[in-house]
Amino acid sequence: MMEMVLWLSVGAIVLLLGISFFFSGSETALTAASRARMHQLAKSGNKRAGLVERLTAERERLIGAILLGNNVVNILASTLAASVLIQIFGEAGIAYATIAMTAAVVVFSEVLPKTLALMRPDSFSMVVAPVIRVIVFLFAPITGAVQLLVNSILKAFGLDADKASAVSGHEELRGTVDFLHSEGEVVKDDRDMLGGILDLRELEVSDVMVHRTRMLSLDADLPTSELISAILESPFTRVPLYRGKQDNIVGVVHAKDLLRALHKVGGDPEKVNLSKIALKPWFVPDTTSVQAQLNAFLKRKLHFALVIDEYGEVQGLITLEDILEEIVGEIADEHDAVIEGLTKQADGSYIVDGALPIRDINRTLDWNLPDEEATTIAGLVIHEAKLIPEPGQQFTFHGLRIKVLRKTHNRITQLRITPIEQKTKLG
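This one's a predicted model, so the numbers in the text were calculated from it and none came from an experiment.

Notes on the overall build of the chain
Argument step 1. Secondary structure summary: the chain contains 17 helices and twelve strands in total.
Argument step 2. The globule rule puts the C-alpha radius of gyration for 427 residues at 22 Å, and the 34 Å found for the chain is more than 25% above it.
Argument step 3. Based on the C-alpha atoms only, the size of the chain along its principal axes is roughly 120 × 55 × 45 Å.
Argument step 4. The proportion of buried residues among the 427 residues of the chain is 36%.
Argument step 5. The long-range fraction of contacts in the chain, counting pairs at least 24 apart against all pairs at least 6 apart in sequence, stands at 55%.
Argument step 6. Taken as a whole, the chain presents about 25,700 Å² of accessible surface, with 58% of it coming from carbon and sulfur.
Argument step 7. For the chain, the separation between the mean place of its 43 positive charges and that of its 53 negative charges on side chains is 4 Å.

This is the structure we're talking about:
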């Protein structure tokens, strides 16, 4: 009889270790399962994926129920093991039970199931979800009471579980893309494109606009023939016209409208009335988000807007192409003027146009220069130096050695940038 009881106890211990295996594997699988993948499968009609999605939506209840069940079976298995080994070895059985159960729990109830769950978290979680749902339901009163107690203890120390910071969806996506790129699973162009989409809501039009110093605008009071020649010779489709001063934009001429007007009058520029074909200018604040401006372009079916500051002065212009380039990179066509704003030198340094946007440099060279305080590389140098430098001055920041080559009035027009690591290798 004693022998039978002994074997039954051993069988119970093995069964409890198996249940512990199930709980440990389920915990890892359900927390590691891809929520996006489960959502996609649930939408396609997979009921188990939908069950996983519902379980992981209440993570505290889920983890509480699993941990409660796992601890109960582990403690019960250890108690039974101690009872069996005490009967065999006497008081020394306690030490033997501790060693044996520690090894058994670590190997068979922790490491092995969690390793298997991490190998196939999605499929593992869908297999165990129906059973876990029942366990979560049965343990709900206990886990609820435990969670209430935990929250009370946290509040006693000035912590509030309901206000715990969480990573936003945008940050999670960006982190995932960057991680997959570092692992070699996402190529740089795809990473830049996805990052550009995520950045749209964080950027303002002033960050991506063409600054007024590089904007082509023409005096509307010039002779009509001169205006038409300048518009047709420019590489741009739309050209703003001003009267009196450059901030006083009175219209925007579209090259296609101009060609139609010329065709109607037999090609005689003197018979063209530019004021009639010029479009009414569309002004947008420089603080408008790029995402909002993209939506406005699509809604109004326009591709061109002038950017003004809080005083109503024109700061530049923005086009639909400028926004799209933030996503897909530089878009060039057969009429684009080729301007070399970034040239690599034989010694590994770069000759850079001061007006080149920091975002373009980061995208092209895979650098991480900050663009919160300045839009252009010249603006970043002035911000870091806390002064307007003279040609020949050098600065070192963000892992780069920057030398000012040219300056026009108070504008830095050309820089030499040398990555310090590369220079160290050459030297």
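Remarks on the nonpolar core
Argument step 1. Counting 29 residues, the largest nonpolar core has Leu55, Leu62, Met101 and Ile132 as its most contacted members.
Argument step 2. Among the elements that take part in this core, helix 6 (residues 121-156) stands out by supplying seven residues, more than any other.
Argument step 3. Sequence-distant contacts of Ile132, defined by excluding residues within four places in its chain, comprise Phe22, Ser26, Leu30, Leu55, Leu62 and Ile66.
Argument step 4. Ile361, Ala374, Ile412 and Ile417 belong to the second largest nonpolar core, which has 23 residues in total.

A look at helix 14 (residues 320-328)
Argument step 1. If you check which residues of helix 14 are buried, you get Leu320, Asp322, Ile323, Glu325, Glu326 and Ile327.
Argument step 2. In the core, the buried residues of helix 14 are packed alongside helix 8 (188-199), helix 9 (205-208), strand 1 (210-211), helix 13 (290-300), strand 7 (314-319) and helix 15 (358-365).
Argument step 3. Gly329 lies just past helix 14 and shows a positive phi near 90 degrees.

Considerations on the side chain of Arg363
Argument step 1. Considering the arrangement of structural elements, one finds Arg363 in helix 15.
Argument step 2. Glu326 provides the closest opposite charge to the buried, unpaired Arg363, separated from it by 4.8 Å.
Argument step 3. Of the polar contacts made by the side chain of Arg363, one reaches the backbone oxygen of Glu326; its length is 2.4 Å.
Argument step 4. When neighbours within four sequence positions are excluded, Arg363 is seen to be in contact with Lys188, Asp192, Met193, Gly196, Glu325, Glu326, Ile327, Val328 and Gly329.

With respect to the sheet that holds strand 10 (residues 394-397)
Argument step 1. One open sheet accounts for five strands, arranged 8-9-12-11-10; its pairing is antiparallel. With partners counted over all chains shown, the strands left at the sheet margins are strand 8 (342-344) and strand 10, one partner each. Ignoring which end each strand starts from, the neighbouring axes of this sheet average 25 degrees apart.
Argument step 2. When strand 8 meets strand 9 (residues 350-353), the two strands line up antiparallel, connected through three bridges. Looking across to strand 9, one finds that Leu342 is bridged to Val352.
Argument step 3. Against the sheet, helix 16 (residues 377-385) makes contact with strand 9, strand 10, strand 11 (400-408) and strand 12 (411-419), and its axis sits at roughly 80 degrees relative to strand 12, the strand it touches most.

Considerations on the sheet that holds strand 7
Argument step 1. With mixed pairing, the four strands of this open sheet are ordered in space as 1-7-6-5. Here the strands that pair on one side only, and so sit at the sheet edges, are strand 1 and strand 5 (283-285).
Argument step 2. For strand 6 (residues 304-308) and strand 7, the ladder comprises five bridges, and the chain directions are antiparallel. Bridged to Ile308 within strand 7 is Val314.

What to know about the layout of surface pockets
The method is simple in principle: a probe with the dimensions of a water molecule rolls over the atoms, and the space it marks as empty is what remains.
Argument step 1. Taken as a whole, the second largest pocket encloses approximately 780 Å³ of empty space.
Argument step 2. What lines the second largest pocket is a set of 26 residues, and nearest its centre among them are Arg174, Asp199, Arg359, Asn362 and Asp371.
Argument step 3. Elements supplying a minimum of two residues to the lining of the second largest pocket: helix 7 (169-182), helix 8 and helix 15.
Argument step 4. For the lining of the second largest pocket, the leading source of residues is helix 8, giving six residues.

A closer look at the pattern of salt bridges
Argument step 1. Inspection of the entire model under this criterion finds eight salt bridges.
Argument step 2. Linking Arg61 and Glu58 is a salt bridge whose minimum nitrogen-to-oxygen distance equals 3.1 Å.
Argument step 3. A residue is classified by how much of its surface remains accessible, and Arg61, at 35% relative accessible area, is partly exposed.
Argument step 4. Here Asp257 and Arg260 are joined by a salt bridge, their closest N and O atoms 3.0 Å apart. With a gap of three residues between them, Asp257 and Arg260 both fall in helix 11 (residues 255-264), about one helical turn apart.
Argument step 5. In this structure, a network of salt bridges that share partners links the residues Asp199, Glu326, Arg359 and Asp371.

With respect to the pairing of strand 4 (residues 245-254)
Argument step 1. Looking at chain direction, strand 3 (residues 238-243) and strand 4 are connected through six bridges and run antiparallel. Counterpart to Pro240 in the pairing with strand 4 is Val252.
Argument step 2. Where strand 3 hands over to strand 4, the hairpin turn is made up of one residue, of which Gly244 adopts a positive phi near 90 degrees.

A look at the pairing of strand 12
Argument step 1. The pairing of strand 9 with strand 12 spans four bridges and is classified as antiparallel. What sits directly across from Tyr350, in strand 12, is Ile417.
Argument step 2. Judged from the eight bridges that link them, strand 11 and strand 12 form a sheet pairing that is antiparallel. Bridged to Lys403 within strand 12 is Arg416.
Argument step 3. The antiparallel pairing of strand 11 with strand 12 creates a hairpin that spans two residues between the two strands, and His409 there sits at a positive phi of about 55 degrees.

Criteria and thresholds
Residues numbered from 1 in each chain as written. Predicted model: local features only at pLDDT ≥ 70, side-chain atom pairs only at ≥ 80, totals over all residues. Heavy atoms only, no water. Helix = DSSP H or I, 4+ residues; strand = E, 2+ residues; numbered from the N terminus. Rg over C-alpha atoms; globule rule 2.2 N^0.38 Å. Buried < 20%, exposed > 50% of the residue type's maximum accessible area, 1.4 Å probe, protein only. Contact = heavy atoms within 4.5 Å. Areas by Shrake-Rupley, 256 points an atom, 1.4 Å probe, with all protein chains shown as cover. Lys, Arg positive; Asp, Glu negative; His and termini not counted. Charge placed at Lys NZ, Arg CZ, Asp CG, Glu CD. Core = buried A, V, L, I, M, F, W, Y, C linked by side-chain atoms within 4.5 Å. Salt bridge = Lys/Arg side-chain N within 4 Å of Asp/Glu carboxyl O. Polar contact = N/O pair within 3.5 Å; in protein donor to acceptor, adjacent residues only side chain to side chain. Pairing = 2+ DSSP bridges. Axes fitted to C-alpha atoms, helices over the stretch in contact; angles between N-to-C directions. 1 Å grid on protein atoms, 1.4 Å probe; cavity = no way out; pocket = protein on both sides within 12 Å on 5 of 7 lines; lining within 4 Å. Points joined across faces, edges and corners; volume = space filled by probe spheres on them.

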